[in-house]
Amino acid sequence: MQNEYGQGTSHATGGSKVPQGVQDRAPQGLEESLPNKLHDTGSGTGRQTHALNEGEESIVPKGLQKAVPEKLERMLPNKIHNTGDE
């Protein structure tokens, strides 16, 4: 059973070099931020932005958008990094 942060089960759909116990306790956003060659969640390259329009609605550099955890992205005001959250 997952908690509100997506913890409780691994989200890997392919191979992973991350120990199973760590996978089970890690938040889903953290798992998805890892490169797929280390922990394959099936989410493209493993790094993604959560800003609208592929990150175009952000003044944050795209590399940084893709490197930080989703929770941190969503904490930024929409006028700086628009995730569509209210």
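Position labels on residues start from 1 in each chain and follow its written sequence. Confidence filtering applies because this is a predicted model: local features only for residues at pLDDT of at least 70, side-chain atom pairs given and counted only at 80 or more, and all residues used for totals across whole chains, interfaces and linings. Water and hydrogen atoms were dropped before computing side-chain values, which therefore reflect all heavy atoms in the structure.

### What to know about the pattern of salt bridges
- Between Lys or Arg on one side and Asp or Glu on the other, a salt bridge is scored when a side-chain nitrogen of the former is within 4 Å of a carboxyl oxygen of the latter. For the structure shown, the criterion picks out three salt bridges.
- We note a salt bridge from Glu56 to Lys62, for which the minimum N-O separation is 2.6 Å.
- Partly exposed describes any residue whose relative accessible area lies between the buried limit of under 20% and the exposed limit of over 50%, with all areas from a 1.4 Å probe on protein chains only and scaled to the type maximum. On the basis of relative accessibility, which here comes to 55%, the residue Glu56 falls in the exposed class.
- When its relative accessible area of 37% is taken as the criterion, Lys62 is described as partly exposed.
- Among the ionic pairs, Arg74 bridges to Glu70, the shortest N-O distance being 2.7 Å. With Arg74 and Glu70 both in helix α4 (residues 70-75) and four residues apart, the pair spans about one turn of that helix.
- Where salt bridges share partners, they join Glu70, Arg74 and Asp85 into one cluster. A run of H or I in DSSP counts as a helix once it spans at least four residues, and a run of E counts as a strand once it spans at least two, with each numbered from the N terminus.

### Examining the confidence of the model for the chain
- Per residue, pLDDT captures the predictor's confidence, and it can take any value from 0 to 100. Considering every residue of the chain, the mean pLDDT works out to 79; 84% of them sit at 70 or more.
- Mean pLDDT values for the elements of the chain range from 78 in helix α2 (residues 28-33) up to 87 in α4.

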